[in-house]
Amino acid sequence: MLLFISSFLLIWVFSLSQLNQLFAIQGIQPNISLAILVVYAFMEKDWLRRSALVLLTIFLLNFSPTLGLEAIFTMIVLFIVLTLVDYFKWQPTLSAVIIVLIATILLNAFSIRPGVILIESIYNVFLVGLFGLLLSFINSKRSSLNA
Amino acid sequence: MMRGRYLIIGLIIILGIFIIFGGAFFEAKLSFNKTLRDFFQNLSPYSDLKIRIAELERENEELKTKILLDETNPNSSVVVYASHPLNDRSEIAIAIGSDEGVEKGDAVTYGNSILVGRVKTVSPNISIVTTIFDPGFETPVRIGVDSVDALLKGGNELTLRLIAPDAFIENDSIVYTADPSFPYGLEIGRVRSVNKSEGGVFQKASVNPAFEIKLLRNVVVHK
């Protein structure tokens with residue numbers, strides 16, 4: 001539960017930061033929520049908890065008063081990403097990088113701007129590393145508490 | 001263990017309701033986001049200065065524009081709640097809607113004379129604005145004192161296309177709107193560089209925008 005609550009709070013805070021472009025560099029901002037979700041999915045195999053975090057992400061990032069096509073498409077992509085986590089059996093770091101790259105391209109599928117997608121992908125991969133360290137630390141604390 | 005699962009299931013149901021009936025919570029979510037943004041802004045020692053610099057630059061641009069073009073009628077400003085969270089669409093949410101007469105297609109400016117974008121969707125108290133940074137944004141513009149015609153293409157980098165091959169454009173020339181759906185003469189930015197491609201029919205240019213979207217706090221809607 002500690003890992004779930006930590007991820008929940010991280011997604012809450014950083015999704016709101018995405019709405020303020022707090023971490024945008026040269027006008028391009030990373031998809032922090034995506035990075036946290038990918039890392040979490042490698043550590044937590046329970047689909048109920050994964051689904052809760054996906055729905056939280058959609059709720060916070062939905063930029064419309066109604067449930068539009070964009071929100072539905074984003075939700076589908078995020079669930080595809082979580083499914084890929086279970087199918088990629090390679091080394092976790094490499095798998096996470098590839099999955100984040102695929103997700104970034106899918107989420108920008110309607111914007112044919114290779115430069116922006118490339119830079120955003122680099123940011124997202126960097127964040128996967130960062131949150132991977134953070135959530136691994138939290139996960140190790142969870143293990144030591146359970147021991 | 002089972003209690004934990006029931007909690008997660010309850011959370012999923014609640015989030016599902018929030019998403020499906022999003023309209024009721026959209027304004028509350030954006031208000032909370034604005035509060036959080038203001039809180040983080042107050043923590044940073046230089047954020048006030050950055051916003052003050054942006055405001056001064058805006059006033060400076062407005063004064064320059066007034067020298068060159070007619071002044072538009074002043075309207076009261078409204079708060080910018082948030083920017084679109086993904087890179088492929090540049091939209092902002094503003095704290096005004098149909099209850100105050102806003103309609104789809106209304107022009108939105110920073111101050112009175114710098115174009116931000118146009119209203120895309122309207123709710124009773126909130127409107128979503130497509131900004132000039134949206135990749136799909138296009139509008140006819142004119143450049144500089146010679147009023148050279150061009151087409152502005154939106155995106156992370158603003159570009160000018162369809163510039164006549166024999167037109168002379170200087171760097172730092174002002175770029176302003178010439179679209180009948182906007183008030184005439186709203187500033188968009190200044191020319192950064194001109195690309196006179198050999199063998200091409202038209203010239204191209206890149207534009208430095210007159211505002212930074214992440215420093216946008218208030219805008220004006222031209223109803």
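Residues numbered from 1 in each chain as written. Chains lettered and ligands numbered in written order. Predicted model: local features only at pLDDT ≥ 70, side-chain atom pairs only at ≥ 80, totals over all residues. Heavy atoms only, no water.

### Some thoughts on the overall build of chain A
Turning to step 1, where the next piece is worked out: What chain A contains, in helices and strands, is 6 helices and 0 strands.
Turning to step 2, where the next piece is worked out: Taken over the C-alpha trace, chain A has a radius of gyration of 15 Å; the compact-globule value for 147 residues is 15 Å, and the two agree within 12%.
Turning to step 3, where the next piece is worked out: Expressed along its principal axes, the backbone C-alpha trace of chain A runs to roughly 50 × 35 × 30 Å.
Turning to step 4, where the next piece is worked out: Here chain A holds 147 residues, and the buried ones make up 54% of them.
Turning to step 5, where the next piece is worked out: Taking as baseline every contact in chain A between residues at least 6 positions apart, the subset at least 24 positions apart corresponds to 71%.
Turning to step 6, where the next piece is worked out: For chain A, the exposed area adds up to about 6,700 Å²; of that, 76% sits on carbon and sulfur atoms. (Helix = DSSP H or I, 4+ residues; strand = E, 2+ residues; numbered from the N terminus. Rg over C-alpha atoms; globule rule 2.2 N^0.38 Å. Buried < 20%, exposed > 50% of the residue type's maximum accessible area, 1.4 Å probe, protein only. Contact = heavy atoms within 4.5 Å. Areas by Shrake-Rupley, 256 points an atom, 1.4 Å probe, with all protein chains shown as cover.)

### Here's the deal with the domain arrangement of chain B
Residue and element names in this part refer to chain B.
Turning to step 1, where the next piece is worked out: Domains assigned within chain B are domain 1 (43–134 + 212–222) and domain 2 (138–209).
Turning to step 2, where the next piece is worked out: Relative placement of domain 1 and domain 2: their C-alpha centres are 21 Å apart.
Turning to step 3, where the next piece is worked out: Taken together, the contact pairs 20 residues of domain 1 with 19 residues of domain 2.
Turning to step 4, where the next piece is worked out: Of the roughly 1,600 Å² buried at the junction of domain 1 and domain 2 (both faces included), carbon and sulfur atoms supply 63%. (Domains from an automatic or database assignment. Buried area = accessible area lost by both parts, 1.4 Å probe.)

### Points about the environment of Trp 12 of chain A
Turning to step 1, where the next piece is worked out: Tracing the sequence through the fold places Trp 12 of chain A in helix H1 (residues 2–19).
Turning to step 2, where the next piece is worked out: For Trp 12 of chain A, a relative accessible area of 30% puts it in the partly exposed group.
Turning to step 3, where the next piece is worked out: The contact partners of Trp 12 of chain A, leaving out residues within four places of it in the chain, are Leu 56 and Leu 60 of chain A together with Phe 32 of chain B.

### Let's talk about the confidence of the model for chain B
Turning to step 1, where the next piece is worked out: Per-residue confidence for chain B averages 86 on the pLDDT scale, and 92% of its residues sit at or above 70.
Turning to step 2, where the next piece is worked out: Throughout residues 70–74 of chain B the model reports pLDDT below 50, and contacts reaching past four residues in sequence, or to other chains, amount to 8 contacts. (pLDDT = per-residue confidence, 0-100.)

### Looking at the UniProt feature "transmembrane region" (unreviewed entry) in chain B
Turning to step 1, where the next piece is worked out: In the UniProt entry, the feature "transmembrane region" (unreviewed entry) is given for residues 6–26 of chain B.
Turning to step 2, where the next piece is worked out: In residues 6–26 of chain B, helix accounts for 95% and strand for 0%; the two terminal C-alpha atoms are 26 Å from one another. (UniProt positions renumbered as here; feature names shortened; annotations may be inferred.)

### Concerning helix H5 (residues 92–107) of chain A
All names here are of chain A.
Turning to step 1, where the next piece is worked out: With 16 residues, H5 ought to run about 22 Å at 1.5 Å a step, and its terminal C-alpha atoms sit 22 Å apart, in line with that.
Turning to step 2, where the next piece is worked out: Where H5 is concerned, the buried positions are Ser 95, Ala 96, Ile 99, Val 100, Ala 103, Thr 104 and Leu 107. For H5, the angular spread of buried residues about the axis comes to 165°, placing them on one side.
Turning to step 3, where the next piece is worked out: The backbone nitrogen of Thr 93 lies 3.0 Å from a side-chain oxygen of the residue at the head of H5, namely Gln 91. (Expected span 1.5 Å × (residues − 1). Arc of directions from axis to C-beta. Polar contact = N/O pair within 3.5 Å; in protein donor to acceptor, adjacent residues only side chain to side chain.)

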